[in-house]
Amino acid sequence: MPGLFARPSLRRTVLVCCAVLLGVQLPLGSAAAGPRPDGLAALPALPPVMTCADVPSLDLRGVTDAPVTITSAKEVTTGTAAPYCEVRGTVAPANTVVVRLPLNGWTQRYVQTGCGGLCGSANINFGQASTCPLVVDGSLASATTDMGHQGQNDGSWALDNPQAQIDFAYRGVHVTSQVAKALITRFYGRAPAYSYFTGCSDGGREALMEAQRYPDDFDGIAAGAPANDMAVQNTFHHAWNVVANLDADGHAILLAGKLPLVHAGVLNACDALDGLRDGQLDDPRRCRFDPATLICAPGQDPATCLSPAEAAVVRKLHDGAVDARGRRLEPAIAHEWGSELEWTLFVPATPTGPSASANFALSYLRYLAYPDAQDPDFRLSDLEFTEASFWKTVQSSAYLAAMNPDLRAYQRGGGKLLLWHGWNDQHISPQSTLAYWDALRTATGAGFARLYLFPGVAHCGGGDGPNTFDVLTPVMAWAETGKQPGRVVATNGTRSRPVFPYPAVARYDGTGSTDDAANFVAYTPRTEPGPGYAWVGARLYSVDYQTWCRAEGTRLSCRPAETWLTRKAGPRT
């Protein structure tokens, strides 16, 4: 059964069991010792068995499906908590890999970090996992990748470059894990006892892509605000942010100066629904705010209210993209109530001001949405908000989406998944993650997964709510000793709040400061208040939507060629 030994932790479990049965003393670095107070396995730190200077001479032939070149290895001893050997290399044709190997003791764990946006930069960034104690003390081996291209976050790197598209979609992260583990094994004389992935935004998409396509790569995965529905997210969602706010002359109707007014109206209507007036909504779906309540009365100063057109735009931005018949082209609620101060991402300061959403949509629509019909001159006005246009778009770029909820292979291997999202996310709707969670529960029961929703937190961090927290340690403890994730404490200045696994929410126990997480308990509502997940693309959460591709000259060839999706949408173009 070769698959049984593909993941290091599975191999270790078999060896430990055999050692116990035979009365054999386990070697240094085994996982036989009891758990630490934080739930992590008590793994001894190991020194390198070779020097950093010797790393470039390593033979990595056969590690991946393509040649690996180590371009540099240097000791880094300044500006960090602990010194490390920084290794840089390339997996052909152009996938940059950066690996950090601790020099003063490695705790036998490997953590791979994800990118953001359209990537193009191989900078290790732990994001919300940066507060993990093992990250802080520098005892983890870690790696990242630029996903097959350098710079050019506008998508132009994908023009006539199908291999770069495949590397960005899924291959780049996988081959990076292969190279990093091979380097770790040679540098310390031992493979990682546990391997983890953490990422947010596109990094969250990469995380889910790994669980779906390469279930043996990681023992635990933390996926934040995942852009897994990229084919919809970077087309209809971001394009709607722009076109829903344009008048007949192409000028913005709602301007950023009115967003504090809208936010104050939302809080006035809904802040107390969770029992506290604290400037955040613990579950925005329970808010039934009506923007029409802010429409100007006769004679009212227009700076203190909304015009009917502005109120209509607020409603459209909240509800999300629809076609002319009102059919939803993305899950209901594109932007949650309470997140209005973050809407400056797409609501400009002036009628002709720029919108980041326009850049996100155009980068994708020009170079990635239609890989065999790329058009650098594509305009947002060329995107039709129709069902036919929807199916054409999501069919063409299915290879980039990580929508498959059937994670039974990952589950059978003992993998653990922690999904998380900020309720105030201005880039990616929490409803996208909730829809995936719903599909995951249906497909697998989700006993190996947990979902956390952070009140007041914007995209991957920031926002008015407690926005600093550790999502990596809970995954590690679950994978290593079976300690199931419970509350995660988030902080912001002097305020701390607990966040509990969904669907539980935090409730003030009536004693002490409301800024102290210790004074809150878990409460599970009797019903989930969500709008439901009935939208045009609901069937995308399936095995059928996952495609594998290969480069054929300047074209991308993907399979499966015949599924319910292609039958509905017609022949590929």
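Scroll up to find the structure this text is about.
Our subject in this report is the structure included herewith. (Residues numbered from 1 in each chain as written. Predicted model: local features only at pLDDT ≥ 70, side-chain atom pairs only at ≥ 80, totals over all residues. Heavy atoms only, no water.)

This part takes up the overall build of the protein. For the protein, the count of helices and strands is 13 helices and 15 strands. Taking 25 Å as the expected radius of gyration for a compact globule of 573 residues, we find that the protein reaches 24 Å, a close match to that expectation. Structurally, the protein occupies a C-alpha span of about 85 × 65 × 45 Å along its principal axes. When each of the 573 residues of the protein is scored for burial, the buried share is 58%. Across the protein, every contact between residues at least 6 apart in sequence was considered, and the portion connecting residues at least 24 apart equals 69%. Accessible surface for the protein amounts to roughly 22,100 Å². Of this, 53% is attributable to carbon and sulfur atoms. The positive charge centre, built from 46 side chains, and the negative charge centre, built from 53, are 7 Å apart in the protein. (Helix = DSSP H or I, 4+ residues; strand = E, 2+ residues; numbered from the N terminus. Rg over C-alpha atoms; globule rule 2.2 N^0.38 Å. Buried < 20%, exposed > 50% of the residue type's maximum accessible area, 1.4 Å probe, protein only. Contact = heavy atoms within 4.5 Å. Areas by Shrake-Rupley, 256 points an atom, 1.4 Å probe, with all protein chains shown as cover. Lys, Arg positive; Asp, Glu negative; His and termini not counted. Charge placed at Lys NZ, Arg CZ, Asp CG, Glu CD.)

Right, let's get into the packing of helix α5 (residues 230-243) against helix α8 (residues 356-367). Interhelical geometry of α5 versus α8 gives an angle of 140° and a closest axis separation of 8 Å. Between α5 and α8, the crossing angle belongs to the class labelled oblique. In the crossing of α5 with α8, the sense of the turn from one axis to the other is left-handed. The residues of α8 that touch α5, namely those facing Met-230, Ala-231, Asn-234, Thr-235, His-238, Ala-239, Asn-241 and Val-242, are Ser-357, Ala-358, Phe-360, Ala-361, Tyr-364 and Leu-365. Looking at the contact of α5 with α8 residue by residue, the classes come out as nine nonpolar, five polar and no charged. (Axes fitted to C-alpha atoms, helices over the stretch in contact; angles between N-to-C directions. Parallel < 35°, antiparallel > 145°, perpendicular 65-115°, else oblique. Left-handed = near helix turned anticlockwise from the far one by under 90°. Nonpolar A, V, L, I, M, F, W, Y, C, P; charged D, E, K, R; others polar.)

Turning next to the packing of aromatic side chains. For the coordinates displayed, the defined rule picks out 22 aromatic pairs. Ring centres 5.6 Å apart and planes at 65° place the aromatic pair Trp-240 and Phe-385 in the edge-to-face group. Linking Trp-240 in helix α5 with Phe-385 in the loop between α8 and α9 (387-396), this pair joins segments that are 145 residues apart in sequence. Assigned by exposure class, Trp-240 and Phe-385 land together as buried. One cation-aromatic arrangement involves Lys-181 over Phe-218; the distance from NZ or CZ to the ring centre is 5.4 Å. Directly above the ring of Trp-548 sits Arg-213, whose terminal nitrogen or CZ lies 4.7 Å from the centroid. (Phe/Tyr/Trp six-rings, centres within 6.5 Å; stacked < 30°, edge-to-face > 60°. Lys NZ or Arg CZ within 6 Å of the ring centre and 35° of its normal.)

Our focus in this paragraph is the pairing of strand β10 (residues 488-492). As paired strands, β10 and strand β11 (residues 495-499) are joined by five bridges and run antiparallel to one another. When the sheet's bridge partners are listed, Thr-491 is paired in β11 with Ser-496. The antiparallel hairpin formed by β10 and β11 contains two residues in its connecting segment, where Gly-493 sits at a positive phi of about 65°. (Pairing = 2+ DSSP bridges.)

This brings us to the nonpolar core. Leu-101, Ile-221, Phe-390, Leu-417, Leu-440 and Leu-540 are the most contacted members of the largest nonpolar core, which has 127 residues in total. For this core, the leading source of residues is helix α3 (residues 162-188), giving 14 residues. With residues near it in sequence (within four places) discarded, Phe-390 still touches Val-232, Phe-236, Leu-329, Trp-535, Val-536, Gly-537 and Leu-540. Counting 33 residues, the second-largest nonpolar core is a separate cluster that includes Val-98, Ala-122, Trp-420 and Val-471. (Core = buried A, V, L, I, M, F, W, Y, C linked by side-chain atoms within 4.5 Å.)

The tally for this structure, following the rule as stated, stands at 20 salt bridges. For Arg-88, the salt bridge is made with Glu-86, and the minimal N-O distance between the two is 3.3 Å. Of the residues examined, Arg-88 reaches a relative accessible area of 29% and is grouped as partly exposed. Look at Glu-86 and you get buried, because its relative accessible area is 11%. Between Glu-552 and Arg-550 there is a salt bridge, and its shortest N-O distance comes to 2.7 Å. By relative accessible area, Glu-552 is classed as partly exposed at 40%. Here the residues in one salt-bridge network are Asp-65, Asp-167 and Arg-171, joined through shared partners. (Salt bridge = Lys/Arg side-chain N within 4 Å of Asp/Glu carboxyl O.)

Along the chain, Ala-92 connects to Pro-93 via a cis peptide bond; the corresponding omega equals 5°. Within the secondary structure, Pro-93 is located in the loop between β2 (84-91) and β3 (95-102). Residue Pro-503 is bonded to the preceding Tyr-502 through a cis peptide linkage, with omega at 15°. Among the structural elements, Pro-503 can be located in the loop between β11 and β12 (505-508). For Asp-160, which is not glycine, the phi torsion reads 55° and is therefore positive. Mapped onto the elements, Asp-160 comes out in the loop between β5 (141-145) and α3. For Asp-160, a relative accessible area of 47% translates into the label partly exposed. Its identity is not glycine, yet Ile-333 carries a phi of approximately 75°, on the positive side. Topologically, Ile-333 is positioned in the loop between α7 (308-319) and α8.

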